[in-house]
Amino acid sequence: MSNDAISRLNQYLNKIGKAASLSWQECNYGPPHDSKWTCVCKIDGEPRGEGTSTHKHTAKNIAAEQALHYLIDGRGQGV
């Protein structure tokens, strides 16, 4: 099983009974030969992480990592 931040975020939210609170906003922009992805990770509709990359999965992974830090290390304790 993959150990990327997206998987870890899903596992964490499942563990605390908040899996349904996760949503994503994804945007692709720029010319086809040099496009970028921006992904925003939302929990309970609130942005908790944002990532930008030339690859969608990488942008989403960055956002998930930020959301995990918010939930585990930051103000999100006891979500």
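The shown structure was predicted, so the numbers you read here are calculated from the model rather than taken from an experiment. (Residues numbered from 1 in each chain as written. Predicted model: local features only at pLDDT ≥ 70, side-chain atom pairs only at ≥ 80, totals over all residues. Heavy atoms only, no water.)

Peer 1: Describe the overall build of the protein, naming the residues involved and giving the relevant values.
Peer 2: Per the secondary structure count, the protein includes two helices and three strands. With the C-alpha coordinates aligned to their principal axes, the bounding extent of the protein is approximately 45 × 30 × 20 Å. The buried share among the 79 residues of the protein stands at 33%. When the 9 basic and 8 acidic side-chain charges of the protein are each reduced to a single mean position, those positions are 3 Å apart. (Helix = DSSP H or I, 4+ residues; strand = E, 2+ residues; numbered from the N terminus. Buried < 20%, exposed > 50% of the residue type's maximum accessible area, 1.4 Å probe, protein only. Lys, Arg positive; Asp, Glu negative; His and termini not counted. Charge placed at Lys NZ, Arg CZ, Asp CG, Glu CD.)

Peer 1: Tell me about the sheet that holds strand β3 (residues 46-53), and please be specific about residues and values.
Peer 2: By definition, the strands of a sheet pair up through backbone hydrogen bonds, in either a parallel or an antiparallel sense. Read from one edge to the other, the open sheet built from three strands follows the order β1-β2-β3, with strand pairing classed as antiparallel. The open sheet is flanked by β1 (22-29) and β3, the only strands paired with a single partner. On average, adjacent strands in this sheet sit at an angle of 15° to one another, irrespective of strand direction. Relative to β1, helix α1 (residues 5-15) is tilted by about 155°, and along the sheet it contacts β1 and β2 (36-43). (Pairing = 2+ DSSP bridges. Axes fitted to C-alpha atoms, helices over the stretch in contact; angles between N-to-C directions. Contact = heavy atoms within 4.5 Å.)

Peer 1: Describe in detail the side chain of T38, supporting the description with residues and values.
Peer 2: Along the chain, T38 falls in strand β2. Polar contacts involving the side chain of T38 include one to the side chain of Y29, which spans 3.5 Å. Here the side chain of T38 touches T52 through a polar contact of 3.0 Å, side chain to side chain. Among residues more than four places away in sequence, those in contact with T38 are Q25, E26, C27, Y29, E50, G51 and T52. (Polar contact = N/O pair within 3.5 Å; in protein donor to acceptor, adjacent residues only side chain to side chain.)

Peer 1: Can you break down the UniProt feature "domain: DRBM" (unreviewed entry) in the protein residue by residue, with the values?
Peer 2: As recorded in UniProt, the feature "domain: DRBM" (unreviewed entry) lies at residues 4-73. Along residues 4-73 the backbone is 41% helical and 34% strand, and the end-to-end C-alpha distance reaches 18 Å. (UniProt positions renumbered as here; feature names shortened; annotations may be inferred.)

Peer 1: I'd like to hear about the environment of T38, residue by residue, with values.
Peer 2: A relative accessible area of 14% means that T38 is categorised as buried. Through-space distance from the C-alpha of T38 to that of A63 is 8.9 Å; in sequence the pair is 25 residues apart.

Peer 1: Tell me about the packing of α1 against helix α2 (residues 56-73), residues and numbers included.
Peer 2: Running from N to C, α1 and α2 cross one another at 40°; their axes reach a closest spacing of 7 Å. Taken together, the axes of α1 and α2 are oblique relative to one another. Here the hand of the crossing between α1 and α2 comes out left-handed. Every residue of α2 that contacts α1 at A5, I6, R8, L9, Y12 and L13 is listed here: H57, K60, N61, A64, E65, A67, L68, L71 and I72. Its residues placed into classes, the contact of α1 with α2 shows ten nonpolar, two polar and three charged. (Parallel < 35°, antiparallel > 145°, perpendicular 65-115°, else oblique. Left-handed = near helix turned anticlockwise from the far one by under 90°. Nonpolar A, V, L, I, M, F, W, Y, C, P; charged D, E, K, R; others polar.)

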